[in-house]
Amino acid sequence: MAIIFHEKGREFHLFNKEVSYLMRIMENGQMEHLYYGRGLRDKEEFGYLHEEMQRSLMAVCMPEPSVLSMQYTRQEYPSYGTGDYRSPAFTIIQENGSRIVNFTYVSHEIFGGKKSLAPLPATYTEKEEEAQTLEITLHDDVIDTDMVLSYTIYEDYPVITRNVRFVHRGGGKIVLDRALSMSMEFMDMDYELVHLAGAWARERYVKTRKLEMGIQAVQNLSGTGSSGEHNPFIALKRPHTTENQGEVYGFSFVYSGNFLAQVEVSPFDMTRVMMGIHPEGFAWELKQGESFQTPETVMVYSNRGLNGMSQAYHRLYRTRLIRGKWRDQARPILLNNWEATYFDFDEEKLLEIAKRAKEAGVELFVLDDGWFGKRNDDYSSLGDWYVNLKKLPGGISGLSAKIEALEMKFGLWVELEMVNEDSDLYRAHPDWIIGAPGRFQSHGRHQYVLDFSRKEVVDCVYEMIARVIRESSISYIKWDMNRYMSEPYSRGAEAGEQGKVMHRYILGVYDLYTRLTEEFPDILFESCASGGARFDPGMLYFAPQTWTSDDTDAGERMKIQYGTSFVYPLVSMGCHVSAVPNHQLQRMTPLETRGNVACFGAFGYELDLNLLSGREMEVVKRQIAFVKKYRELIQIEGDFYRLRSPFEGNDTAWLVVSRDRTQAVAGFYQRLNKTNASWLRLQLQGLEEDMLYEVSCDVTPVSIYDEERAGLDGNGQEKEQVKKYRAYGAELMYAGIPVDRRDLDRKGGDFASLIYTITKCI
Ligand code: DGJ
């Protein structure tokens, strides 16, 4: 890996074994993008990649005879009004109303490692040798302002990160009206845009569309979260690129608030990609000496298809974004009481559930919503973070002690950014909510958004919740957030500061996370937002796992987890087995399949195990034993491969392979069953061709544990059965595993699944 500045052509080359990124200082002092993609051999000059010619209607930005025009130039960080009629990366409104700027190269610095962007989340290095950073400083003389373009390239990942910092040195008034984190230009438009779109209970569905001339974008304006509608991620792939082959460029935004991810194709087939804080509602005045730091964009280049891109994100985010004690640890198996009791619980009921969970082998008991204030439904008490002694006479400290006496850890749910009108906090501070004076105040789930752009609000919430944690024995916190922002306005900010409110809100969330994670470093945090409405890299920096979706149906989860895996590592996905009929869909799925889907994530249960039959309890115990055996591989050690897409057919399949290739676990899932169906082969990946493996698959019929189905298997095979055989890696990858449809019948037909373990023979 290296970052080299070639003096002669005034070019920068960032490269490692897999990628190259080239740019140069143009004759007008601005930065031109030359190339980004597969690694190139470094050499003294790449200037021939600059293209320019006289065209009609163009604005030339230098004295004649130059024909340099920004309209036809691939720029690193374009500004408004230069004769380039595409969207700019930034806009600065000046005291005289002008938006015209001219930032030109002043200096650059190359150093080992990577700077922290705190209080913003960002990827990091542990040693200087892991990465190199280039900071290019450009300056606008008229407004006396610096713009620092920052690039980091990692040694071991096909990753380049980018961010921008503005520093206002002059005395005049300037307002950043738009300040994206990056802009990049591709040479042509022969790409497809891949993004993750959805809504509550169907988050992060994979969407792919061909680029067209003009603007295509995904965005979020929800204020409180990165949103379940559009994830802060896009990729550009070549039309022929598959999961395993071909080029793809990923862009992932390390931020939890409003964002814009935009692709603009010019009539000359130039493709400009931009990503950053959404300009709508954003306006940031910089006084003399003040600076503004944009969040980070993480760019991944893969020539090994979408899977290659995802594996790079997984490794980077698992090891260089997630932090703290839990970064390298497999996660405890938890039971959460939400779908078991909702608000209807008392200590006795919780302990009954916890005891049964302990019997099954669960390690962490999580108490969800309803333990505080006088909350028995979702109409009251958010903001009153003190225990409801009617429900829990011994308080959280008493309950947590009793759970620990059962030799389980204790976890607690909170929703710290919200307040109900019916709460002591709201009665004391009605002006602490986000909302515009004199306007109707929209509500959602009977609650308002607390104004976390104000420090005193964050201070107060911190004190309340830290007291509960200090008094009790808490090992895990689920941090929920159940509504988006509306009427964004802060009663704590001056008129000229209102454009800062939404960004400051997210900084307030990060501030509270920072205080709590620093004071309680051993606690495992799980972020949540009505399920998966805030599944983003910004959150992962503070909370190493996220509740993936409120939809716990196994069939739906296949899609949601599949889509989420485009960017996020399995260990970051909270995945639970819940009851049937499923509470969101009324769907029946086999208990085994619910476990077989959830085990490819941070595993847990979300039901009252007391309601299961003795036979079902045996299945639960087997699931827990399986997760304990394989969670290190699935969550920490392995590489994930998507094999069959639930968005493209009846079957879903995926696989995790250990880095030394000696062990793998594959999951195969079908939606509807078929009679007299075709043969089916599942081709694995990532194995060692010449390594001999033992393949093992439990094909015990479900009728063995499901009383209603008992006797359904006419073959008299209602006993435990495991199929085993030996095969070389090449066979498993190229000939494939024959998936026996009769096994899927035995596993319950519709929504049946099979797990294959593949282990090197000794
Ligand atoms: C939404 C979450 O996604 C659920 O898991 C649960 O915690 C509820 N909120 C509680 O109100």
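Please refer to the structure placed before this passage.
Residues numbered from 1 in each chain as written. Predicted model: local features only at pLDDT ≥ 70, side-chain atom pairs only at ≥ 80, totals over all residues. Heavy atoms only, no water.

### Quick word on unusual backbone geometry
- Going from glutamate 64 to proline 65, the amide bond is cis rather than trans, its omega being 15°.
- Checked against the element boundaries, proline 65 lands in the loop between strand S4 (31-38) and strand S5 (90-94).
- Following valine 580, the chain continues into proline 581 via a peptide bond in cis, with omega recorded as -10°.
- With respect to the helices and strands, the residue proline 581 is situated in the loop between strand S29 (573-578) and helix H10 (591-598). (Helix = DSSP H or I, 4+ residues; strand = E, 2+ residues; numbered from the N terminus.)

### Observations concerning the site of the ligand
- Every one of the 13 residues lining the ligand counts as a neighbour, but Asp368, Asp369, Lys478, Asp480 and Asp550 are closest to it.
- Contact between the ligand and tryptophan 413: an oxygen atom at 3.1 Å from a side-chain N or O atom of the residue.
- Here tryptophan 547 contributes a side-chain N or O atom positioned 3.4 Å from an oxygen atom of the ligand.
- For the shell around the ligand, the per-class residue count stands at four nonpolar, three polar and six charged. (Near = heavy atom within 4 Å. Polar contact = N/O pair within 3.5 Å; in protein donor to acceptor, adjacent residues only side chain to side chain. Nonpolar A, V, L, I, M, F, W, Y, C, P; charged D, E, K, R; others polar.)

### Some words on the side chain of aspartate 608
- Mapped onto the secondary structure, aspartate 608 falls in the loop between strand S30 (602-606) and helix H11 (614-637).
- Nearest to the buried, unbridged aspartate 608 among oppositely charged side chains is arginine 356, at 6.5 Å.
- With residues up to four places along the chain from it excluded, the contact list for aspartate 608 reads Ala340 and Ile353. (Buried < 20%, exposed > 50% of the residue type's maximum accessible area, 1.4 Å probe, protein only. Lys, Arg positive; Asp, Glu negative; His and termini not counted. Salt bridge = Lys/Arg side-chain N within 4 Å of Asp/Glu carboxyl O. Contact = heavy atoms within 4.5 Å.)

### Describing the packing of aromatic side chains
- The full count for this structure, using the stated rule, is 45 aromatic pairs.
- Between phenylalanine 372 and tryptophan 385, the ring centres sit 4.4 Å apart and the planes meet at 45°, which makes this aromatic pair tilted. Placement of phenylalanine 372 in the loop between strand S22 (364-367) and helix H4 (395-405) and of tryptophan 385 in the loop between S22 and H4 is noted, with a sequence separation of 13 residues between them.
- Sitting above the plane of the tyrosine 72 ring, arginine 55 keeps its charged end 4.7 Å from the centroid.
- One residue, arginine 323, lies across the ring of tyrosine 541, its end atom 3.6 Å from the ring centre. (Phe/Tyr/Trp six-rings, centres within 6.5 Å; stacked < 30°, edge-to-face > 60°. Lys NZ or Arg CZ within 6 Å of the ring centre and 35° of its normal.)

### Some words on the pattern of salt bridges
- Per the counting criterion, the structure on display carries 60 salt bridges.
- Close ionic contact of arginine 86 with glutamate 185 constitutes a salt bridge, the shortest N to O distance being 2.8 Å. In this pair, arginine 86 sits in the loop between S4 and S5 while glutamate 185 sits in strand S10 (residues 174-186), placing the two residues 99 residues apart along the sequence.
- On the accessibility criterion, arginine 86 (8% relative accessible area) is buried.
- With a relative accessible area of 2%, glutamate 185 lands in the buried category.

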